[in-house]
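Topology and contacts: notes
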Amino acid sequence: MNVPTNNAPTLSDGVVDWLTNGTRDERFIDNIFAQMCIRLQQVGIPLKRSTLHVLIHHPQWLGARFMWSDGMREAEIARVDYDVRERSEYIGSPANEMQDGATEVRENLERDPALGRKHALYDEMRERGLTDYVAWPLYHTLGKRHLITFATDRPGGFDHAHIAALKKLLPVLSLVSEIRIKNRLARTLLETYVGSHAGELILAGATRRGTGTTVRAAIMICDLRDFTKISDNWPRDDVIDLLNDYFDAMSEPIARHGGEILKFIGDGLLAIFPLQEPNACTNLLHAVTEARQAMVALNERNNATSRAPLNYGIGVHVGDVMYGNIGSTSRLDFTVIGPAVNMASRLEALTKQLGRTVLLSRDFAELVQPKFELEHVGKHEVRGFSDPIELFAYHG
């Protein structure tokens, strides 16, 4: 990156000062980026379009693109798929050149297109009346490179003063953006691995072993049937695909209805619906209904490829749980424990013995009747509990 080696004044000095001292209370990089572009216009840089491309650690997305155009008060955000590097929108693009090691991409959009770079992006910018385009890598620590671009419609393009001013922004913007992006990455990784609510608590400082709170919640434990047989007989990649499809079918309805998935345990999952939400128990059964429908659709797809149908069991109970940090001095798990969790686990185990897919405790059933039609299946011994437990099945 060709950063100026002296402190000569440039048009962007005020914007550099604002980036350094005026953005401390701004949490999101897209807001900073849009405001930076507006301020660049205000100091006389003929900016018409700018984009910021960042790589992120997300299970679904390779990165994100922030795009600002003249007249916009906020940046437009687009997610970028992992397979983008195989598509024409990437091949031959400035991002592709940067990935291959370029330190600058500059394109004169006023000259004969036959003499310039060949990519749909440049054609689109010419159609919009843009005259000049420049892209630079934005360096973060440990060699990570992101990308920022600027374009103008000024006849003759950016002049030397404009380019010098834009370059002077880059080191400060690198620092400012890295802080925000890493904060977002930390939040994303916590949401991915422990769930959104637990992630927020951890970020707020709930990291001490043994700390936690008592929460009254509906607890749902789900387990896949015959997984050991499947994993022993199916190819590894097929087993992983199967588990991912199964967890998608189960997890998406839970998240949609306000549940919190605390962990995946092999082929099982543990989720809670805190009762601070008045409709928590109703929401749990709506999630179970939609998960059942998703599993039917998944089994139909599996049947078309000669795969055996997947069966599962769900145990549901309600009660007080301890929600917090448990583990060793150096490795913690943010989870729930308590007799109510044990009960849900035992009910899930009973689904196979009693031939029911979903079993509910009486305590839970009383909170959803008569909104849902339940089958009374009598009292049954539950391992670890002294008295028989009255159970209900849900077939919705």
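Cut-off values and rules
- Residues numbered from 1 in each chain as written.
- Predicted model: local features only at pLDDT ≥ 70, side-chain atom pairs only at ≥ 80, totals over all residues.
- Heavy atoms only, no water.
- Pairing = 2+ DSSP bridges.
- Helix = DSSP H or I, 4+ residues; strand = E, 2+ residues; numbered from the N terminus.
- Core = buried A, V, L, I, M, F, W, Y, C linked by side-chain atoms within 4.5 Å.
- Buried < 20%, exposed > 50% of the residue type's maximum accessible area, 1.4 Å probe, protein only.
- Contact = heavy atoms within 4.5 Å.
- Salt bridge = Lys/Arg side-chain N within 4 Å of Asp/Glu carboxyl O.
- Disulfide = S-S within 2.5 Å.
- Axes fitted to C-alpha atoms, helices over the stretch in contact; angles between N-to-C directions.
- Expected span 1.5 Å × (residues − 1).
- pLDDT = per-residue confidence, 0-100.
- Polar contact = N/O pair within 3.5 Å; in protein donor to acceptor, adjacent residues only side chain to side chain.
- 1 Å grid on protein atoms, 1.4 Å probe; cavity = no way out; pocket = protein on both sides within 12 Å on 5 of 7 lines; lining within 4 Å.
- Points joined across faces, edges and corners; volume = space filled by probe spheres on them.
- Nonpolar A, V, L, I, M, F, W, Y, C, P; charged D, E, K, R; others polar.

**Remarks on the pairing of strand S3 (residues 76-81)**
Successive side chains on a regular strand alternate, one facing one side of the sheet and the next facing the other. Bridge analysis of strand S2 (residues 61-69) against S3 gives six bridges, and the strand direction is antiparallel. In the sheet register, Ala64 faces S3, and the bridge partner there is Arg79. Joining the antiparallel neighbours S2 and S3 is a turn of six residues, in which Gly71 adopts a positive phi near 100°.

**Focus on the nonpolar core**
Counting residues in hydrophobic clusters, the biggest one holds 41 residues, and the most contacted among them are Tyr246, Met250, Leu284, Ile314, Leu360 and Phe364. With nine residues, helix H9 (residues 280-304) is the largest single contributor of residues to this core. Ignoring sequence-local partners within four residues, the contact set of Tyr246 consists of Cys222, Asp223, Leu224, Asp267, Met295, Leu298, Leu310 and Tyr312. Counting residues in each nonpolar core, the second largest holds 36 residues, with Cys37, Ile38, Phe66 and Ala165 among its members.

**Some remarks on the pattern of salt bridges**
Within the structure shown, the criterion is met by 25 salt bridges. Of the charged contacts, one joins Asp81 and Arg87 as a salt bridge, the two residues approaching to 3.9 Å between their closest N and O atoms. The class for Asp81 is partly exposed, based on a relative accessible area of 30%. The class for Arg87 is partly exposed, based on a relative accessible area of 27%.

**Quick word on the state of the cysteines**
Covalently bonding the sulfur atom of one cysteine to the sulfur atom of another cysteine gives a disulfide. Enumeration over the complete set of coordinates arrives at zero disulfides. Cysteine Cys222 shares no disulfide, and the gap to the nearest cysteine sulfur, in Cys281, comes to 18 Å. You can call Cys222 buried: its relative accessible area is 1%.

**Regarding the sheet that holds strand S6 (residues 145-152)**
The strand order across the open sheet built from six strands is S3-S2-S1-S6-S5-S4, with neighbouring strands paired in antiparallel fashion. Of all strands in the sheet, those bounded by a partner on one side alone are S3 and strand S4 (105-108). Across the sheet, the mean angle from the axis of one strand to that of its neighbour is 15°, orientation sign disregarded. This element, helix H2 (residues 29-42), spans strand S1 (49-55), S2, S3 and S6 of the sheet and lies at about 30° to S2. Docked against the sheet, helix H4 (residues 120-127) engages S1, S4, strand S5 (132-139) and S6, running at close to 45° with respect to S4.

**Concerning H9**
Taking 1.5 Å per residue, 25 residues should reach 36 Å; H9 reaches 36 Å between its end C-alpha atoms and fits that length. Backbone geometry just after H9 places Ser306 at a positive phi near 65°.

**Comments concerning helix H8 (residues 236-256)**
Taking 1.5 Å per residue as the helical rise, H8 with its 21 residues ought to reach 30 Å, and the 30 Å between its terminal C-alpha atoms agrees with that figure. Every buried residue of H8 is listed here: Val239, Leu242, Leu243, Tyr246, Phe247, Ala249, Met250, Ser251, Pro253 and Ile254. At its buried positions, H8 is contacted by strand S7 (212-224), helix H7 (227-233), strand S8 (260-265), strand S9 (268-274), H9 and strand S10 (312-327). Just beyond H8, the residue with positive phi is Gly258, at close to 90°.

**Overview of the environment of Gln41**
Assignment of secondary structure puts Gln41 in helix H2. Expressed as a C-alpha distance, the spacing of Gln41 and Ser12, which sit 29 residues apart in the sequence, is 9.7 Å. For Gln41, the contacting residues outside a window of four places in its chain are Leu47, Trp68 and Asp70.

**Re the confidence of the model for the chain**
On average, the chain scores 90 in pLDDT, and the residues at 70 or more come to 97%. Per-residue pLDDT, averaged within each element of the chain, yields its smallest value for helix H6 (residues 196-203) (71) and its largest for strand S12 (residues 358-361) (97). Counting contacts from residues 1-5, a segment whose pLDDT is below 50, to residues more than four positions away or on other chains yields 10 contacts.

**What about the side chain of Asn96?**
By secondary structure assignment, the location of Asn96 is in helix H3 (residues 94-99). A distance of 2.9 Å separates a polar side-chain atom of Asn96 from the backbone nitrogen of Gly92. Once residues lying within four places of it in the same chain are set aside, the contact partners of Asn96 are Tyr90 and Ile91.

**Remarks on the layout of surface pockets**
Empty space among the atoms becomes apparent when a probe as large as a water molecule is rolled across them. Considered as a void within the structure, the largest pocket measures approximately 1,600 Å³ in volume. Around the largest pocket sit 45 residues that line it, and His58, Pro59, Thr188, Glu191 and Thr192 are the ones nearest its centre. Secondary-structure elements contributing two or more residues to the lining of the largest pocket are H2, S2, S3, helix H5 (160-194), H6, H8 and S8. Its residues assigned to classes, the lining of the largest pocket comprises 23 nonpolar, 11 polar and 11 charged. Approximately 850 Å³ is the volume found for the second largest pocket. In this structure, the second largest pocket is lined by 35 residues; those nearest its centre are His53, Tyr90, Ser93, Ala95 and Leu147. Taken together, the elements giving at least two residues each to the lining of the second largest pocket come down to S1, S2, S3, H3, H4 and S6.

**A short note on the pairing of S12**
Across the two faces of S12 the burial is the same, with Val358 and Leu360 and Leu359 and Ser361 all buried. When S12 meets strand S14 (residues 389-394), the two strands line up antiparallel, connected through three bridges. In the sheet register, Ser361 faces S14, and the bridge partner there is Leu391.

**Considerations on the environment of Asp223**
Structurally, Asp223 can be placed in strand S7. Along the chain, Asp223 and Leu310 lie 87 residues apart, while their C-alpha atoms are 11 Å from each other.

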